[in-house]
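So the chains spell out like this:
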Amino acid sequence: MKKTILSLLCAFCAMAANAQTNNQTYQDRPPFGEGKFYVASSLSGLDLNFNDCEKWKLDIAAKAGYLFQDNWMVTAQAEYDWRKTSSNALVAGAGLRYYIEQNGLYVGLGANYVHKWHDYDDLMPNINVGYAFFLNRTVTIEPEVYYNQSFKNHSDYSGFGFRIGFGIYFE
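(A) Spotlight on unusual backbone geometry. With a phi close to 75 degrees, Asn71 is a non-glycine residue in the positive phi region. Within the element layout of this structure, Asn71 appears in the loop between strand S2 (57-69) and strand S3 (72-83).

Written as structure tokens, this is what we have:
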């Protein structure tokens with residue numbers, strides 16, 4: 001019986017030491033390290049968009065990404081835009097994000113295809129600047145300022161905006 005208890009105790013100590021080593025390796029890894037995945041949801045609009053055509057709108061977006069190299073992420077996005085005074089829109093897009101010096105500040109470039117029911121289709125390149133504020137090791141709050149450039153009608157559909165999102169970084 002003593003041998004069995006001693007064997008179990010040794011096995012438990014070995015597992016604890018291995019878990020501690022794995023945890024140490026995970027914690028030493030940079031927050032925007034190569035090989036991590038990213039999912040997020042965001043909300044924008046709420047009278048924080050500035051262009052000539054829209055007076056009030058609400059945009060809800062889902063985003064996924066992959067850090068293919070330290071500090072570099074490729075993203076894909078799907079969005080639903082609700083407008084008070086005109087028809088709603090569906091948006092699909094892709095982009096590239098770069099994190100500056102592991103501090104959470106990032107800049108991004110992208111392109112969105114906008115399908116507005118019964119009105120028009122548009123390709124809108126965009127640029128954004130934001131900050132990934134970590135609540136814990138994986139969950140972030142991400143405020144972001146962006147500019148969308150319309151090819152359809154610059155004066156009516158191009159504009160600045162602000163969005164707030166929640167992101168999760170995982171391996």
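Past the structure itself, the notes keep going.
(B) Summary view of the confidence of the model for the protein. Of the residues in the protein, 77% reach a pLDDT of 70 or more, and the chain-wide mean stands at 80. For the protein, the element scoring lowest by mean pLDDT is helix H1 (residues 2-28), at 46; strand S4 (residues 89-99) scores highest, at 95. Overall, residues 8-25 carries pLDDT values under 50, and its contacts beyond four positions in sequence, including any with other chains, amount to one contact.

(C) Structural view of the pairing of strand S5 (residues 105-116). Because side chains alternate across S5, one face comprises the buried residues Tyr106, Gly108, Gly110, Asn112, Val114 and Lys116, and the other comprises Leu105, Val107, Leu109, Ala111, Tyr113 and His115, none of which is buried. One ladder, built from eleven bridges, connects S4 with S5; its direction is antiparallel. Note on S5: the bridge partner recorded for Gly93 is Asn112. The loop that links S4 with its antiparallel partner S5 comprises five residues; one of these, Glu101, has a positive phi angle of about 55 degrees. Bridge count between S5 and strand S6 (residues 120-131): twelve bridges; the pairing is antiparallel. Across the sheet, residue Ala111 finds its bridge partner in S6, namely Pro125. Here S5 folds back onto S6, and the loop between the two strands holds three residues, one of which, His118, carries a positive phi near 60 degrees.

(D) Geometry of the nonpolar core. In terms of nonpolar packing, the biggest core is built from nine residues, these being Phe32, Tyr38, Ala40, Leu67, Met73, Tyr99, Tyr106, Ala132 and Tyr169. When neighbours within four sequence positions are excluded, Leu67 is seen to be in contact with Phe32, Gly33, Glu34, Gly35, Lys36, Trp72, Met73, Tyr99 and Tyr169.

(E) Structural detail: the side chain of Arg163. Tracing the backbone through its elements, the reader meets Arg163 in strand S9 (residues 159-170). At 2.4 Å, the side chain of Arg163 forms a polar contact with the side chain of Glu144. Those residues in contact with Arg163 that lie beyond four places of it in its chain are Ser42, Leu43, Ser44, Glu79, Glu142, Pro143, Glu144 and Tyr146.

Quick notes on the rules
Residues numbered from 1 in each chain as written. Predicted model: local features only at pLDDT ≥ 70, side-chain atom pairs only at ≥ 80, totals over all residues. Heavy atoms only, no water. Helix = DSSP H or I, 4+ residues; strand = E, 2+ residues; numbered from the N terminus. pLDDT = per-residue confidence, 0-100. Contact = heavy atoms within 4.5 Å. Buried < 20%, exposed > 50% of the residue type's maximum accessible area, 1.4 Å probe, protein only. Pairing = 2+ DSSP bridges. Core = buried A, V, L, I, M, F, W, Y, C linked by side-chain atoms within 4.5 Å. Polar contact = N/O pair within 3.5 Å; in protein donor to acceptor, adjacent residues only side chain to side chain.

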